[in-house]
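Here is how the chains run, residue by residue.
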Amino acid sequence: MTPDNTPKSWHIGSMKTNLPIDVDSDIMSGSPVFVGTRVPVESLFTYLMNGESLDGFLACFPSIKREDALAILERVTEQAKRKNRRFSRSVAKRRVGDIYLLP
C-alpha cells in the first residue's frame, strides 16, 4: 500500500495495473495478496480450480471484497483473450504444405 492507502500498481506480464493486489516482502514473503489482507491471490484460483464457487471462496475469506475478486478475475480473463488472439494470429501465418492455416 502507498502512504495514502491506495494499492501499489504492479505488473502482470507486461501490463501495469491498479488491481486490488499488494506485493510486499514483509507480507507473505512477497506473494501477491489481496489489498489489506494476508490472503494470497493464488488462493482464489486454487479454490476455483478445485470446483469451489466464488461465493464459497468469499465465505471462507470474509475480508475479501467481491468486487476485488471480480476485478482480478476480469483482468485475467482479458489477458487470456489477448494471448489467445496472438496465438490465433501466429497459427494463421503458418504454412502447411500448400495450405495456410486460418484461425
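Structure first, text after, so check above.
Not measured: the values here are computed from a predicted model.

Engineer: Can you walk me through the overall build of the chain in this structure?
Structural biologist: What the chain contains, in helices and strands, is 3 helices and 6 strands. In sequence order, the chain lays out its α and β elements as β-β-β-β-α-α-α-β-β. Split into buried and exposed, the 103 residues of the chain put 25% on the buried side. Here the contacts in the chain between residues at least 6 apart in sequence split such that 30% fall between residues at least 24 apart.

Engineer: So what exactly am I meant to see when it comes to the nonpolar core here?
Structural biologist: For soluble globular proteins, the rule of thumb is that nonpolar side chains tend to be buried together. Of all hydrophobic cores here, the largest spans 13 residues; its most connected members are Phe 34, Leu 44, Leu 54, Phe 57, Leu 58, Ile 64 and Ala 69. Among the secondary structure elements, those contributing two or more residues to this core are α1 (41-49), α2 (54-60) and α3 (66-93). When neighbours within four sequence positions are excluded, Leu 44 is seen to be in contact with Phe 34, Leu 54, Phe 57, Ala 69 and Leu 73.

Cut-offs used in this document
- Residues numbered from 1 in each chain as written.
- Predicted model: local features only at pLDDT ≥ 70, side-chain atom pairs only at ≥ 80, totals over all residues.
- Heavy atoms only, no water.
- Helix = DSSP H or I, 4+ residues; strand = E, 2+ residues; numbered from the N terminus.
- Buried < 20%, exposed > 50% of the residue type's maximum accessible area, 1.4 Å probe, protein only.
- Contact = heavy atoms within 4.5 Å.
- Core = buried A, V, L, I, M, F, W, Y, C linked by side-chain atoms within 4.5 Å.

Remember that the coordinates give geometry; whether it matters functionally is a separate question.
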